[in-house]
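# Coordinate analysis (summary)
Listed here are the chains, written in short residue letters.
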Amino acid sequence: MNDLVIMRDQQALTTSLKAAEKFKKAHKNVLQSIKNLTAENSAVKNMFAESTYVNGRGQEQPMYYMNRDGFTLLVMGFTGKDAMKFKLEYITAFNDMEKLIRTKQQANYLPQTPEEKLALTMQVTNRLDKRVSKIEKTVADIKEKAEVDEGQRYQLLQARKSKVISACGGTKSNYYIEKKAKKVFSEFGRDFKNEFEIPRYDCLKSKDFNEAMKFTKNWYPSFVLQREIQNINAQTRLDFEDRG
């Protein structure tokens, strides 16, 4: 198992330090990811245990122990050339360690009759089903609360900019040239935040991203602002014709 997974308090565990080393991540970033997970959902806290280790300089540094469920949540988003290979190695290591623990725990008693073997099988199956359900619920809760990522935020900003410019009549319209677009941006921002009940753009939930893009596409300024834009742009064209 190459020490990927250890036995501690009769549990199969690994550490944030080992995970960072194996997946070639900065340990401080792994620590922050764990802190984010535990802050977002209280149920996740039981999957991690704070601890410390002594680095090469003899300094005590923070780290976390984590069980299989905690490890699964942590590395779910890890990517890279060898990420899948490392995940499979960890799964194998956890399986081997849990098998070793079960063997030790059952050393004093093993089921003998078919009924006892069936009962043990059903017990293990039920435990696995509960564990999977718990993880699925935790993942669903995290997704429900997750805010838009950098890529989604960029798409929203570009869509907002495009919509406002279009509402102004384009970049060559006098309304836009006279730098009045900020009024349209302001009205869009107010409507957007009211629609999704958020104080800032970056508070938008990831689950609402598609609806936000749809809202932006279909948004138009208020009637009063539309008339202002039309009047300024129309007046500008007339002025230009007069000058010609």
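This write-up is about the structure you can find in this document.

Rules used in this analysis
- Residues numbered from 1 in each chain as written.
- Predicted model: local features only at pLDDT ≥ 70, side-chain atom pairs only at ≥ 80, totals over all residues.
- Heavy atoms only, no water.
- Patch = residues over 30% accessible without salt bridge, like charges linked within 9 Å, V, L, I, M, F, W, Y side chains within 5 Å.
- Areas by Shrake-Rupley, 256 points an atom, 1.4 Å probe, with all protein chains shown as cover.
- Salt bridge = Lys/Arg side-chain N within 4 Å of Asp/Glu carboxyl O.
- Helix = DSSP H or I, 4+ residues; strand = E, 2+ residues; numbered from the N terminus.
- Buried < 20%, exposed > 50% of the residue type's maximum accessible area, 1.4 Å probe, protein only.

## As for a nonpolar patch on the surface
A surface patch of nonpolar side chains, about 290 Å² in accessible area, is lined by M84, L88 and I91. Mapped onto the elements, M84 comes out in helix 4 (residues 83–105). Taking relative accessible area as the criterion, M84 reaches 53% and is therefore assigned exposed.

## Brief notes about the pattern of salt bridges
According to the stated counting rule, one finds seven salt bridges in the structure shown. Among the salt bridges present, the one from E21 reaches K18, with a minimum N-O distance of 3.8 Å. In this pair, E21 and K18 both sit in helix 1 (residues 16–22), three residues apart, roughly one turn of the helix. Residue class for E21 comes out exposed when judged on its relative accessible area of 56%. A residue is classified by how much of its surface remains accessible, and K18, at 22% relative accessible area, is partly exposed. Between D69 and R131 there is a salt bridge, with its nearest N and O atoms 3.9 Å apart. Here the residue D69 occupies a position in helix 3 (residues 68–75), and R131 occupies one in helix 5 (residues 114–145), the gap between them amounting to 62 residues. Each of E187, R190 and D191 takes part in salt bridges that share partners, so that together they form one network.

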